[in-house]
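# Secondary and tertiary structure notes
Take a look at the letters that make up each chain.
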Amino acid sequence: MAQDASVLFIMLDATRADRLSAWGNPRPTTPALDGLAAAGALFRRHFANSHATRPSFPQLMTGRYYFQNVLRPFTPDEHPREFPFSQGDPTAAFLPAVLRARGFQTLGVSAHPWLVAASDLGRQFDRLELVGAEATRGHADARDVVERAGAIWLARDRSRPVFLYVHFMDMHMPRYLPAGEPRFPVAGYDWRRRFKPNGEPLFHPERRRWLRADARDFDDLDRRHFTAVYDARLAHTDAEIARLLAAAREDDANLRRTLLVVASDHGEELGEEGRTDHTDSLADGVHHVPWIVAGAGVAAGQVCSRFTENIDVAPTVLELLGLAVPPGTRMDGRAQLGRDGRLVPRAGKPAVYYAWESYRAIRTPRYLLRENIAGSFVARHQGDVVLYRVDGARRVRLRLEGRAARLAERLRARLDRRLARREALFLRERYDAPRTRFLVRPEFWRVAPETRVSCTPVDAATGRRDLRVRGWLWSGRGVTVLRPGDGAPLLLTVSAPDGVYEVEAAARAIRPMPRLVGFAHWRRESFSSETPSVYVALGAARAIGGHLSVAIPAAAAVGRHIVGLRLSPPGVASDAAAEPGAEDEELRVRLQALGYVE
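Residues numbered from 1 in each chain as written. Predicted model: local features only at pLDDT ≥ 70, side-chain atom pairs only at ≥ 80, totals over all residues. Heavy atoms only, no water.

## Overview of the confidence of the model for the protein chain
- For the protein chain, per-residue confidence averages 95 on the pLDDT scale, and 98% of positions sit at 70 or higher.
- Confidence drops under pLDDT 50 across residues 576-580; counting only partners more than four residues distant or on other chains, this segment forms zero contacts. (pLDDT = per-residue confidence, 0-100. Contact = heavy atoms within 4.5 Å.)

Structure (structure tokens):
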């Protein structure tokens with residue numbers, strides 16, 4: 001490895017590995033990245049450790065399975081990773097912070113409105129710029145990102161090494177065709193009759209109103225076109241990356257002093273299994289992502305065919321640069337390349353692990369096992385444990401009996417060995433004392449086993465009969481009692497720092513179900529939104545050992561869809577809503593285009 005090598009870190013948001021030519025896509029989508037892979041190391045079975053940007057970035061930049069949010073706050077009062085009283089972990093080290101402490105300039109160019117200078121991650125940079133774009137387009141085009149990144153690279157201080165981070169969003173929705181027409185058209189398919197210019201479907205909008213990722217109504221031609229648009233965006237981004245690499249080669253023709261890293265935070269489903277986007281399905285389309293390392297003495301033509309994980313990226317970069325993790329800090333991943341630029345002995349791993357608030361999972365060559373939060377509504381609906389056999393691009397769910405049950409127990413034991421201690425440490429130290437009220441969404445509740453609940457995820461296909469249940473109903477977004485039954489309370493537990501809280505049920509009003517016409521409108525008005533409009537006092541409760549137990553009377557849910565529990569620590573006054581400013585409104589429009597807000 002060259003002394004004082006600089007680092008060019010290319011982040012391909014929402015990019016799945018199998019759409020790159022080097023990973024087997026027959027379309028010529030990525031000649032520039034393919035060339036980079038051939039000139040260095042390609043990690044063929046590389047996986048993200050979680051399904052979306054917010055959980056994945058702490059894993060990428062700290063090499064840890066568990067860490068708080070490091071991006072721009074999104075829902076700070078209603079998500080466990082973003083509560084205002086979340087605290088950092090002094091035993092974790094941010095990759096850009098480590099490099100800055102060792103004399104690197106740390107510069108960044110971002111197309112993502114969450115990855116900005118004011119975020120926890122952004123503060124680790126000397127300068128991190130958000131590339132502007134029309135708000136309704138959601139994100140900047142690769143061309144504009146490269147223009148700015150290239151200018152920063154050429155203007156850098158050449159007396160010391162630089163870490164330049166470049167974040168592309170082109171494979172993320174919305175996906176506009178770069179030339180207005182598909183680069184890889186589907187023969188005989190009139191795409192304008194089925195899709196908008198931004199890549200979203202025109203047909204059955206009611207489905208997408210409930211869940212943007214719903215693709216159960218895609219036919220084969222729809223899926224092929226949707227994939228072709230994705231490939232067109234990838235090819236466009238690759239061509240722009242070629243320009244960025246050319247700028248890097250202007251004063252380092254053979255990249256002897258420049259380390260190139262290409263990674264992704266997560267992938268994207270393209271209609272498989274009836275989904276698009278990057279939900280927590282844990283399908284390979286979401287988790288199997290590219291990783292390429294080249295330049296600065298990394299030996300050419302290397303391929304690692306065993307599993308690697310995003311938590312391995314940061315320690316690998318530090319190892320290649322000859323830098324140790326700072327004293328008192330640690331990473332869960334391990335370097336996959338040595339200081340000589342070659343794959344370490346026994347590079348790769350026998351399995352990868354997924355970790356997030358609502359699941360833990362292990363992926364082996366043939367199986368995927370998912371653990372849902374014990375006692376959660378998802379666990380009630382899907383089961384505490386879900387086991388799949390993985391056959392190429394297909395997943396087959398297995399019944400947990402006989403050999404499959406024994407296999408599931410072995411995989412759960414491996415999960416515990418790898419994650420249980422790390423998760424417990426994270427949960428024990430994650431919060432300071434709360435000074436603000438906060439909302440705990442139903443997806444994070446643990447319901448007592450003796451509590452009877454009907455699990456009926458409500459969407460555009462839900463009929464009247466599906467909702468004719470007595471007692472408690474879980475809708476997929478909240479809970480309600482449509483037809484009062486036995487009147488039993490809903491017994492549940494949530495995680496909260498120790499102390500006494502005033503507890504309220506955050507809800508939306510539900511009118512009586514119409515007998516004749518207007519059912520679809522009533523269904524949407526009652527269940528599609530998660531924004532509370534009314535709060536029902538439930539009294540005071542004490543959290544002990546990080547857990548707070550609550551009993552919601554059935555009467556509190558009659559005529560209401562409860563979408564959260566609001567906890568108020570002592571002395572918190574009622575807060576007046578601040579008027580949104582112009583920047584807030586622009587951000588809302590941008591996040592709406594990206595599919596993050598209603």
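## Concerning the nonpolar core
- Ranked by size, the top nonpolar core spans 100 residues in total, and within it Phe9 and Leu259 carry the most contacts.
- When residues no more than four places from it in sequence are discounted, the contact partners of Phe9 are Met61, Leu95, Phe163, Leu164, Tyr165, Val166, Val261, Ala263 and Val313. (Core = buried A, V, L, I, M, F, W, Y, C linked by side-chain atoms within 4.5 Å. Buried < 20%, exposed > 50% of the residue type's maximum accessible area, 1.4 Å probe, protein only.)

## Quick notes on helix 10 (residues 403-429)
- An ideal rise of 1.5 Å per residue puts 39 Å on 27 residues; helix 10 measures up with 39 Å between its terminal C-alpha atoms.
- Approximately 45° is the largest bend angle found in helix 10, and it occurs at Leu419.
- Taken residue by residue, helix 10 has Ala404, Leu407, Ala408, Leu411, Leu415, Leu419, Arg422 and Phe426 as its buried positions. (Helix = DSSP H or I, 4+ residues; strand = E, 2+ residues; numbered from the N terminus. Expected span 1.5 Å × (residues − 1). Bend = angle between axes of the 7 residues up to and from the residue.)

## Re the pairing of strand 3 (residues 105-110)
- By the criterion of burial, strand 3 is predominantly enclosed, with six of the six residues buried.
- Here strand 3 shows a buried face lined by Gln105, Leu107 and Val109 and a second buried face lined by Thr106, Gly108 and Ser110.
- Pairing between strand 3 and strand 5 (residues 162-168): six bridges, direction parallel. If you follow Val109 over to strand 5, its bridge partner there is Val166. (Pairing = 2+ DSSP bridges.)

## Quick word on the pattern of salt bridges
- Summed over all chains, the structure comprises 56 salt bridges.
- Notably, a salt bridge pairs Arg360 with Glu423, separated by 3.6 Å at the nearest N-O pair. On the criterion of sequence distance, the pair formed by Arg360 in strand 12 (residues 359-363) and Glu423 in helix 10 is long-range, its members being 63 residues apart.
- The class for Arg360 is buried, based on a relative accessible area of 9%.
- By relative accessible area, Glu423 is classed as partly exposed at 22%.
- Linked by salt bridges that have partners in common, Arg207, Arg208, Asp214, Arg216, Asp217 and Asp459 make up one network. (Salt bridge = Lys/Arg side-chain N within 4 Å of Asp/Glu carboxyl O.)

## Thoughts on the environment of Tyr596
- Within the secondary structure layout, Tyr596 lies in the segment after helix 13 (582-594).
- As a C-alpha pair, Tyr596 and Gln59 span 537 residues in sequence and 21 Å in three-dimensional space.
- Tyr596 has contacts with Thr53, Phe74, His112, Trp114, His172 and Leu591, leaving out every residue within four places of it along the chain.
- Here His112 takes part through its side chain, which lies 3.4 Å from a polar atom of the side chain of Tyr596. (Polar contact = N/O pair within 3.5 Å; in protein donor to acceptor, adjacent residues only side chain to side chain.)

## Re the packing of helix 1 (residues 31-38) against helix 6 (residues 220-249)
- Between helix 1 and helix 6, the shortest axis-to-axis distance is 7 Å and the interhelical angle comes to 55°. Taken as axis vectors, helix 1 and helix 6 run oblique relative to one another. Residue-level contacts link Pro31, Ala32, Leu33 and Leu36 of helix 1 to Asp238, Ile241, Ala242 and Leu245 of helix 6.
- A per-class count over the contact of helix 1 with helix 6 returns seven nonpolar, no polar and one charged. (Axes fitted to C-alpha atoms, helices over the stretch in contact; angles between N-to-C directions. Parallel < 35°, antiparallel > 145°, perpendicular 65-115°, else oblique. Nonpolar A, V, L, I, M, F, W, Y, C, P; charged D, E, K, R; others polar.)

## Describing unusual backbone geometry
- A cis amide bond links Met173 to the next residue, Pro174, at an omega of 0°.
- Tracing the backbone shows Pro174 in the loop between strand 5 and helix 5 (205-210).
- With a phi close to 55°, Ala14 is a non-glycine residue in the positive phi region.
- Looking at where Ala14 falls in the secondary structure, it is placed in the loop between strand 1 (6-12) and helix 1.
- Assessed through its relative accessible area of 0%, Ala14 is described here as buried.
- One non-glycine residue, Asp277, lies in positive phi territory at about 70°.

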